[in-house]
Amino acid sequence: MELKWLLCVTLLALGILAVQAHDMDEDNDADDVVDIEDDLDDGIEEVEESKSETSSSPPAPKVTYKPPVPTGEVYFAESFDKGTLDGWVLSRAKKDDTDDEIAKYDGKWEVQEMKDTKLPGDKGLVMVTRAKHHAISSKLSKPFVFDTKPLIVQYEVNFQNGIECGGAYVKLLSKTPELNLDQFHDKTPYTIMFGPDKCGEDYKLHFIFRHKNPKTGKYEEKHAKRPDADLKTYFTDKKTHLYTLVLNPDNSFEILVDQTVVNSGNLLNDMSPPVNPPREIEDPNDQKPEDWDERPKIPDPDAVKPDDWDEDAPAKIADENAVKPEGWLDDEPEYVADPDAEKPEDWDEDMDGEWEAPQIANPKCETAPGCGTWQRPMIDNPNYKGKWKPPMIDNVNYQGIWKPRKIPNPDFFEDLEPFKMTPFSAVGLELWSMTSDIFFDNFIICTERAVADDWARDGWGLKKAADGAAEPGVVGQMMAAAEERPWLWVVYILTVALPVFLVVLFCCSGKKQPSAAEYKKTDAPQPDVMDDEKEEEKEKGEKEEEEEEEDANEEKLG
């Protein structure tokens, strides 16, 4: 058993040594490659190349790209696969209240493939520049009017370089006589704003709609509650993600990422601030009465300070039982002038005053328990009580916390159909980002879920399939992870190799005993028969020895 455990420990040690050797090989890898390349001739290089080509794994199956085509009625559909910005308008506006150097919407947009695309021919809209204002928009085929059909907005985003601070949301621009896409800017009225946004470690997925107050005619932004899902991965994994907003005539809404619901709710209950104001509000003219008593507890008016209560007793007193440690140097100061210090040559006593050497810790005090005048340490005073205060009792006149009375809200209204928003006639991207190359693709606005799902299958679905085909298998992913983190080899050994080794060790390491059939075939004595024969021989030998001893004794007596 000890040998088995020794073998287990040895195997574990060998695994750890292998990881360390792997790390050392990686450290020296660059130098080794240079040396080898210097020594190889062209012929050997060709042989190696042919070997590598022969031994390489078969290529992953290719996914052929075909531009998506809407399968039903749509208000807007754009895949950018024509390779141009036809139908899109670049803004030439300037932001108000901003320095002229950065007020222009001069950020660049281009139609191009993703940098690491797995689908040749699949193009999208790319926000090329960083740290600039970008604005681009396009008209719908016809204005969307909120009536009896749902609204579905869907598009794709890929943060090819990650994202530091910036957004990738869309705005559905309200249908107004003043709408001019050439002057699209941050103050242009919109009906809905939807999409991802991030700055610092705050990851957001906006759904905002502008609600018109039926009494005043003014618009107010209503924000959906924050989703409970963790959104960080969508911003950091550099994969293409599908964002979908579904808004229904019954005021319900759903927000999906990659066709999975991450947020849902109702326009009447889950927006901030609420769509409808409260029926009653606090009277701004109401005032608390002067005799209103809000004190739940009051000092007991009948309480009297005890005669023996000493308010002047100190909280700390000197410890009378303390004794000065032996060897205390009363006549030595704790700090002395540095004997090695010298007055600077440029010291001017008229300007700088009389020069004094800097103070250092007294070296004589290093070996002593202390220096200077000894004082008794201070301890808590057992007789200390502090300032006397009467105990608190319930206030019989307590009236509770005062609140102003409620009055009808003069601004109250009740809109039970907030779904019926302002119609919109264009879609736009008005963004600022500190990261470049944000990729947008496959915008669609429609009323049927099946149409949006078909569009997603033929666009985002192909990207997902192509990415999956290009990814290595489970074993390949484990090996790649171990190349980046060599300590994973120890985990693999402990979880796979070591259990297998132990099973083999404990199951197969015992001596193999021949079966009864083998004994019968060879006429060899079986183990129990052999043991009986040995016992009989031993007993026979002992009897012979006893008989010989008896014969010898008889001869002596005779």
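Below you will find a few notes about this structure. Sequence order sets the numbering: in each chain, residues are counted from 1 along the sequence as written. Where local features are concerned, this predicted model is filtered to residues with pLDDT of at least 70; where side-chain atom pairs are given and counted, the filter is 80 or more; whole-chain, interface and lining totals use all residues. Calculation of side-chain values draws on the structure's entire complement of heavy atoms; hydrogens and water are dropped beforehand.

## Focus: the packing of aromatic side chains
Geometry of aromatic contacts follows a simple scheme: Phe, Tyr and Trp rings, the Trp one being its six-membered ring, pair when their centres are within 6.5 Å, and the pair is stacked under 30 degrees between planes, edge-to-face over 60, tilted otherwise. Tallied over the full model, the rule gives 18 aromatic pairs. Here Tyr155 and Phe443 contribute two aromatic rings whose centre-to-centre distance is 5.2 Å and whose plane-to-plane angle is 0°, an arrangement assigned as stacked. Pair noted here: Tyr155 is in strand 6 (residues 151-159) and Phe443 is in strand 25 (residues 438-446), with a separation of 288 residues, a long-range link. Categorising residues by exposure relies on relative accessible area from a 1.4 Å probe, with only protein chains included: less than 20% of the type maximum marks a residue as buried, more than 50% marks it as exposed, and the intermediate range marks it as partly exposed. By relative accessible area, Tyr155 is classed as buried at 0%. One aromatic cluster is present, formed by Phe76, Phe80, Trp88, Trp109, Tyr155, Phe194, Tyr243, Phe440 and Phe443 through successive ring pairs. Directly above the ring of Tyr190 sits Arg210, whose terminal nitrogen or CZ lies 5.7 Å from the centroid. By the criterion adopted, a ring carries a charge over it if an Arg CZ or a Lys NZ lies within 6 Å of its centre and within 35 degrees of its normal. Here the guanidinium or amino end of Arg210 rests over the ring plane of Tyr219, the centre of that ring lying 4.6 Å away. Segments assigned H or I by DSSP are reported as helices when at least four residues long, segments assigned E as strands when at least two residues long, and all are numbered from the N terminus.

## A word on the environment of Asp202
Its place among the elements puts Asp202 in strand 10 (residues 202-212). Looking at Asp202, the relative accessible area reads 30%, which means it is partly exposed. Sequence-wise, Asp202 and Leu231 are 29 residues apart; in three dimensions their C-alpha atoms are separated by 9.5 Å. If near-sequence neighbours (up to four positions away) are discounted, Asp202 is found in contact with Asp197 and Arg226. For the purposes of these results, a polar contact is taken to be a pair of N or O atoms within 3.5 Å, where, inside protein, one atom must be able to donate a hydrogen and its partner to accept one; residues adjacent in sequence count only when each atom of the pair is a side-chain atom. At 2.9 Å, the side chain of Asp202 and the side chain of Arg226 are in polar contact. What makes two residues a contact is simply this: any of their non-hydrogen atoms within 4.5 Å.

## So, the pattern of salt bridges
Each reported salt bridge corresponds to a side-chain nitrogen of Lys or Arg within 4 Å of a carboxyl oxygen of Asp or Glu. Going through the model one piece at a time under the given rule, you end up with 28 salt bridges. For Glu73, the salt bridge identified is with Lys142, shortest N-O distance 2.7 Å. With a gap of 69 residues between them, Glu73 in the loop between helix 2 (42-55) and strand 1 (74-78) and Lys142 in strand 5 (residues 132-144) connect regions that are remote in the sequence. Given a relative accessible area of 39%, Glu73 falls into the partly exposed group.

## Remarks on the pairing of strand 4 (residues 123-127)
A regular strand carries its side chains on alternate faces of the sheet. Counting buried positions over the five residues of strand 4 gives four, a clear majority of the element. Where strand 3 (residues 109-113) and strand 4 come together, five bridges link them in antiparallel fashion. Paired with Glu110 across the bridge in strand 4 is Val126. Any two strands are treated as partners once DSSP identifies two or more bridges connecting them.

## Here's the deal with the nonpolar core
Grouped together as the largest cluster of nonpolar side chains are 63 residues, with contacts concentrated most on Leu151, Ile192, Phe207, Leu247, Phe440 and Ile445. Discounting chain neighbours no more than four positions away, the residues touching Leu151 are Phe144, Phe146, Leu172, Ile192, Leu245, Val246, Leu247, Phe419, Phe424, Ile445 and Cys446. With eight residues, the next largest nonpolar core counts Ile152, Val451, Ala452 and Trp455 among its residues. Residues belong to a common nonpolar core when they are buried Ala, Val, Leu, Ile, Met, Phe, Trp, Tyr or Cys residues joined through side-chain atoms within 4.5 Å.

## What about the state of the cysteines?
When two cysteine sulfur atoms lie within 2.5 Å, the pair is treated as a disulfide. Inspection of every chain in the model, using the stated rule, returns two disulfides. Between the sulfur atoms of Cys165 and its disulfide mate Cys199 the distance is 2.0 Å. Handedness of the Cys165-Cys199 disulfide follows from its S-S torsion of about -95°: it is left-handed. In this pair, Cys165 sits in strand 7 (residues 165-167) while Cys199 sits in strand 9 (residues 190-199), placing the two residues 34 residues apart along the sequence. Under the relative-accessibility criterion, Cys199 is labelled partly exposed at 42%. Disulfide pairing is shown between Cys365 and Cys371; the S-S distance is 1.8 Å. Handedness of the Cys365-Cys371 disulfide follows from its S-S torsion of about -120°: it is left-handed. For Cys365, a relative accessible area of 18% puts it in the buried group. With its disulfide-bonded cysteines labelled consecutively along the sequence, the chain is connected as 1-2, 3-4.

## Re the side chain of Thr191
Here Thr191 lies in strand 9. In this structure the side chain of Thr191 is engaged in a polar contact, spanning 2.8 Å, whose partner is the side chain of Ser174.

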